Amino acid sequence: ILFRGIYPFLPTIIIADMHFYEERKIECHMSLQVGGPAIAPEYNMLLFAKSHWDRSLTAESYIKNLAKCIAPEQTEPWFNYLTKRGQIYRQALLTCEHDLKIYFDYRWLPETTTDFGKEIAQAYEEASIAMKDNANCLEEAVVSQWSPRLSELAEKEIRRSRFEAAELHVMHLQQSAMNKLGSFLNTREAAYAREGVDLLKQTIAAQNYAVERALDADLPRGSYYFSLVEGMLRPEFEEKIKIYDLNFD
């Protein structure tokens, strides 16, 4: 929840978590949807429902069945696209090494000088590139023989992934800026403040691009993503730029 208004596809994690809970006699599950998924279909919700009653369900079997339902005669590109989507997000959300003494929120990424800060900034950029490549692969797989319904769904998924790739790039720049500002707070060396401010300016520019991609993906203006970007993050970035700009001299 609260992952930037994006809904990461995490079939392996969801199934493993549910099994872990059930092994400890927790048999009832519910899902907290903050704002709700704004781009349908929401594959996690389909998985969540099915895994309640199908104890043998795996991420692979779920994706295979989903690909078959989407395109009975052309399952391979959809299986590949959804499998890769799950892998990308599983890697992007790995926060196992984060020190829980440091407040962490995917909206406000931490000002830190730990190796974790550098690693997660890199993970977001790698996820951004992989997500863009995944969209391109699905686009290349589209053929003229596909039905209008299937072609429309593919186009929607391509635009969704390109939006997500753009937002993951924003996260890369934001975390990179926070890493520099963390170094400034530790050392009071103006060079770190200067680099952090420059990265925050790049973050805002990248965010503008991500907003355009969000609109291309038909993300509603009233969705959580837009309230996060316009109402919370942009003012914070602008305020940080003003504050840290004062430390150049």
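Residues numbered from 1 in each chain as written. Predicted model: local features only at pLDDT ≥ 70, side-chain atom pairs only at ≥ 80, totals over all residues. Heavy atoms only, no water.

Overview of the overall build of the chain
Heads up, the rule is: Only DSSP runs of H or I covering at least 4 residues are called helices, and only runs of E covering at least 2 are called strands; the numbering of each starts at the N terminus. What the globule rule says is 2.2 Å times the number of residues to the power 0.38, and the radius of gyration is computed from C-alpha atoms. Exposure classes here rest on a 1.4 Å probe applied to the protein chains alone. A residue is buried below 20% of its type maximum, exposed above 50%, and partly exposed in between. The contact criterion used is simple: two residues touch if any of their non-hydrogen atoms lie within 4.5 Å.
The number of helices and strands found in the chain is eight helices and zero strands. When the helices and strands of the chain are placed in sequence order, the string is α-α-α-α-α-α-α-α. On C-alpha atoms alone, the chain measures out to a radius of gyration of 20 Å, which is about the 18 Å that the 2.2 N^0.38 rule sets for 249 residues. Overall, the C-alpha framework of the chain stretches about 65 × 50 × 30 Å when taken along its three principal axes. Evaluated residue by residue, the chain yields a buried proportion of 47% over its 249 residues. Within the chain, contacts between residues separated by at least 24 positions form 72% of all contacts whose residues are at least 6 apart in sequence.

Remarks on the pattern of salt bridges
Rules: Criterion for a salt bridge: a side-chain nitrogen of Lys or Arg within 4 Å of a carboxyl oxygen of Asp or Glu.
If you walk through the whole model with that rule in mind, you get 15 salt bridges. Here Glu22 makes a salt bridge to Arg55, at a shortest N to O gap of 3.1 Å. Residue Glu22 is found in helix 1 (residues 11-23), and its partner Arg55 is found in the loop between helix 2 (43-53) and helix 3 (59-70); the two are separated by 33 residues along the sequence.

A word on the nonpolar core
Filter applied, for reference: Residues grouped as a nonpolar core are buried Ala, Val, Leu, Ile, Met, Phe, Trp, Tyr and Cys residues, joined through side-chain atoms within 4.5 Å.
Core analysis: the largest hydrophobic core is formed by 47 residues, its most contacted members being Tyr124 and Tyr225. Mapped onto this core, the elements with two or more residues apiece are helix 4 (75-92), helix 5 (115-141), helix 6 (148-187), helix 7 (190-216) and helix 8 (224-245). Counting residues per element, this core draws most heavily on helix 6, which supplies eleven residues. Excluding its chain neighbours within four sequence positions, the residues that come into contact with Tyr124 are Ala92, Phe104, Tyr106, Leu109, Leu168, Met171 and His172. Counting 24 residues, the second largest nonpolar core, distinct from the first, contains Ile70, Ala71, Leu82 and Ala135.

Some words on helix 1
For clarity, the threshold we go by: A helix is expected to span 1.5 Å multiplied by its residue count minus one. Here, the arc refers to the directions that run from the helix axis to the C-beta atoms.
Between its first and last C-alpha, helix 1 extends 18 Å over 13 residues, near the 18 Å set by a 1.5 Å rise per residue. Buried within helix 1 we find Pro11, Ile14, Ile15, Met18 and Glu22. Buried residues along helix 1 cover an arc of 95° about the axis, so they all sit on one side. Contacts made by the buried residues of helix 1 are with helix 2, helix 3 and helix 4. In the segment just after helix 1, Lys25 is the residue with positive phi, at about 70°.

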